[in-house]
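# Tertiary structure, described
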Amino acid sequence: MGKKHVMVPAQEVDLSTVKYEPESIQAPHLTGFIFKVFVSIIEAPVIGSLLISYLKKKNKFIELFRNTVIPETPMFKPEFPPQEPEHGVVTFDEDGKPEDRVESALKCLPDYDLPGSWNGNQDPPFKYWKIRDYAYAYRSGLATPSIVAERIIPIIEEFSSKKPPQPLLISFEAEEVRKQAAASTKRFEEGKPLSILDGIFMAIKDDIDCLPHPSKSGSTWMHQVRSVKKDAVCVSRLRSCGVILLGKANMHEFGMGTTGNNPNFGTARNPHAPERYTGGSSSGPAAIVASGLCSAALGTDGGGRFNPYSFIPLWCSGLQDNVWTDGYGRVNPLGKSHCGSCVRMVVVMIIIMILPGPRSLCDAGTVEIIGPIASTVEDVMLVYAAILGSSLASRNSLQPSTPCLPILSAHDSLNALESLRIGKYTTWFNDVNSTDISDKCEDILGLLCKTHGCRMVEIVIPELHEMRNAHLVSIGSEMLCSVNPDCEDGKAARMTYDTRTSLALFRSFTASDYVAAQCLRRRIMYHHMAIFKNVDVIVTPTTGMTAPMIPPSALLHGETDMQVTGDLMRFTLAANLLGLPAISVPVGFDKQGLPIGLQLIGRPWGEASLLRVASAIEELCVKSKKKPVSFYDVLKTN
């Protein structure tokens, strides 16, 4: 019998006594035949339960959830105190036309500069083509959407035919893409583009509905039990702006992993290092943007989709300026598939995560959100403006602030940065596998403060171990609830081995575990709201390691490596558990040439402030961008 432990109320925690304890996950790393045997053991009625109980005890799960008295009441979904309005912003009408919001977002951006390669500069530094670059090319007759489509289509087909397969998209119809491109080309010929997004190519993660494609959520069977009858809300908003939807992007099955490994269709590779993972679960969206084939993509994020790593794919793929800057409740999740776990991508792009609103396979979860992945901050802003707009239920229950974007072209933006207070928990910040990560992030923060007058504030975030476990139980329980009917119907045997490993753990959670996790959520929320009284942004590395290698034995049957999962998700789960906006911005590379990302976490509904800071960091890192090994210039070939 364990000894009972009684927590003091959150407001009575003495921060001077808090000591950071590095995370060490006690679990085996398995691939291949041994992994298959392990799964058969943990799924066995008696021995499986004993093995899972042993692993939970080794990782102090039992001690926290069964032997601890938590004085706080449950918080079953994020609840926020009223927030002060942000300054230097443009507000948006959630019920207005997406095209009008995109036009307003366009006015927030600095004046457009012609790309160096088009104005006579023979050797410009590497940059991704931005959405405004495509729009300029289309309007100037330098290219058409149909011409770009014909450059993209054979590349997509090539990735799917590789041995072993490395598909970026797992549902793709070339003729459907040509049809959309032809319609967009005609609109430009008539001088009637629908918006700045007209003719822009985007990929949609496979757990978000997008006609005429099935939503498989990375599995081999989900489309057989769940048909797609219409676009997700966010997808329909993009379509109304003229976006060309390429198809459904690869992902970790049901989002239950952080690497992007997918034995069902093949594993998407990291464009910077093809022998390494892109990160997951939004591996395909991150890889296709990092490769230059799309300006942006839609992904989903639950904080790691089993284990909390929601920014992983972006960071691992090294997308320069990829931000998940949406918080819980900003975007309608209607049309989203089963709960998943998007790791903060190891591709490092600018990612912006938004609140529930569009339709996806898990539109009833409390930790998962939909958001854009892009290669620049301004592209994130344009796509975000198109898809934002929460459901009526979310607005009634969460009472969010009016959505807004920063005016990046105004002098007020610089004044806002001068008063910015950046919170850093140094011992946690430095808990990374390589000092390359912490040093690079530290350097860019120092440059940010020197250039813009920001102020660093040392903070302490208590109970990080409790936060990790509360997130695990929350997302695990929601995911199990989502897929359990299909498991009972015999579909579990058709899932990948790592998905089955996750579900075996999730089935061990009890009702009391779930309630305790929600009590911890309220407690962790209190700690973060107290921190945000003294700082505007919390900063961490995006992940605790750079992109992991792909074991050849993992391609056929997958793998389980909880320590890698923990390293990837170390810093990212707070935003998902608490519904806070967060952004991952690429800041450089380690000595192996692998991308490094910096994560910014903001106060509730504070996306505009995060985007303003992300834009400033992007400007400071402009010379550190590097062309990926796998990169395709589909707008202008030399």
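Rules behind the numbers
- Residues numbered from 1 in each chain as written.
- Predicted model: local features only at pLDDT ≥ 70, side-chain atom pairs only at ≥ 80, totals over all residues.
- Heavy atoms only, no water.
- Phe/Tyr/Trp six-rings, centres within 6.5 Å; stacked < 30°, edge-to-face > 60°.
- Lys NZ or Arg CZ within 6 Å of the ring centre and 35° of its normal.
- UniProt positions renumbered as here; feature names shortened; annotations may be inferred.
- Helix = DSSP H or I, 4+ residues; strand = E, 2+ residues; numbered from the N terminus.
- Core = buried A, V, L, I, M, F, W, Y, C linked by side-chain atoms within 4.5 Å.
- Buried < 20%, exposed > 50% of the residue type's maximum accessible area, 1.4 Å probe, protein only.
- Contact = heavy atoms within 4.5 Å.
- Pairing = 2+ DSSP bridges.
- 1 Å grid on protein atoms, 1.4 Å probe; cavity = no way out; pocket = protein on both sides within 12 Å on 5 of 7 lines; lining within 4 Å.
- Points joined across faces, edges and corners; volume = space filled by probe spheres on them.
- Nonpolar A, V, L, I, M, F, W, Y, C, P; charged D, E, K, R; others polar.

On to the packing of aromatic side chains. For the structure shown, the criterion picks out 16 aromatic pairs. Following the ring pairs from residue to residue traces out a cluster consisting of F61, F65, F506 and F509. When the ring centre of F429 is taken as reference, the NZ or CZ atom of K424 above it lies at 4.8 Å.

Another point: the UniProt feature "transmembrane region" (unreviewed entry) in the protein chain. Those places that UniProt annotates as "transmembrane region" (unreviewed entry) correspond, in this numbering, to residues 33-55. As annotated, residues 33-55 has a helix share of 83% and a strand share of 0%, and its two end C-alpha atoms lie 21 Å apart.

On to the nonpolar core. Of all hydrophobic cores here, the largest spans 162 residues; its most connected members are F201, I288, L298 and I617. For this core, the element with the highest residue contribution is helix 17 (residues 464-491), accounting for 10 residues. With residues up to four places along the chain from it excluded, the contact list for I288 reads I156, L168, L169, A203, L246, L293 and C294.

Counting buried residues along strand 19 (residues 582-589), 8 of its 8 residues qualify, which places the element largely inside the surrounding structure. Hairpin connection from strand 19 to strand 20 (residues 595-602): 5 residues lie between these consecutive antiparallel strands, with G593 at a positive phi of about 80 degrees.

This part covers the environment of P274. Of note, P274 is situated in strand 9 (residues 273-277). Under the relative-accessibility criterion, P274 is labelled partly exposed at 34%. In the structure, P274 is positioned 355 residues away from V629 in sequence and 8.0 Å away in space, judged by C-alpha atoms. Excluding residues that lie within four positions of it along the chain, P274 makes contacts with R269 and I550.

Turning our eyes to something else, we now look at the side chain of K216. Looking at where K216 falls in the secondary structure, it is placed in the loop between strand 6 (201-205) and helix 8 (222-225). Those residues in contact with K216 that sit more than four places away from it in its chain are I170, D206, M222, H223, F254 and F265.

With that settled, the discussion passes to empty space enclosed by the protein. One pass over the structure, following the stated rule, counts 3 cavities of 30 Å³ or more. Space inside the largest cavity adds up to approximately 60 Å³. Looking at the largest cavity, the residues that line it are Y128, W129, Y134, V289, G292, C294, S295, S375 and F631. In the lining of the largest cavity, the residues fall into 6 nonpolar, 3 polar and no charged.

Right, let's talk about the pairing of strand 6 for a bit. In terms of burial, strand 6 is largely enclosed, as 5 of its 5 residues are buried. Side-chain alternation along strand 6 places F201, A203 and K205 on one buried face and M202 and I204 on a second face that is also buried. In terms of strand pairing, strand 6 meets strand 7 (residues 244-249) through 4 bridges, oriented parallel. What sits directly across from M202, in strand 7, is L245. Two strands pair when backbone bridges link them, and strand 6 and strand 10 (residues 296-301) are joined in this way by 3 bridges, in the parallel orientation. Paired with A203 across the bridge in strand 10 is A297.

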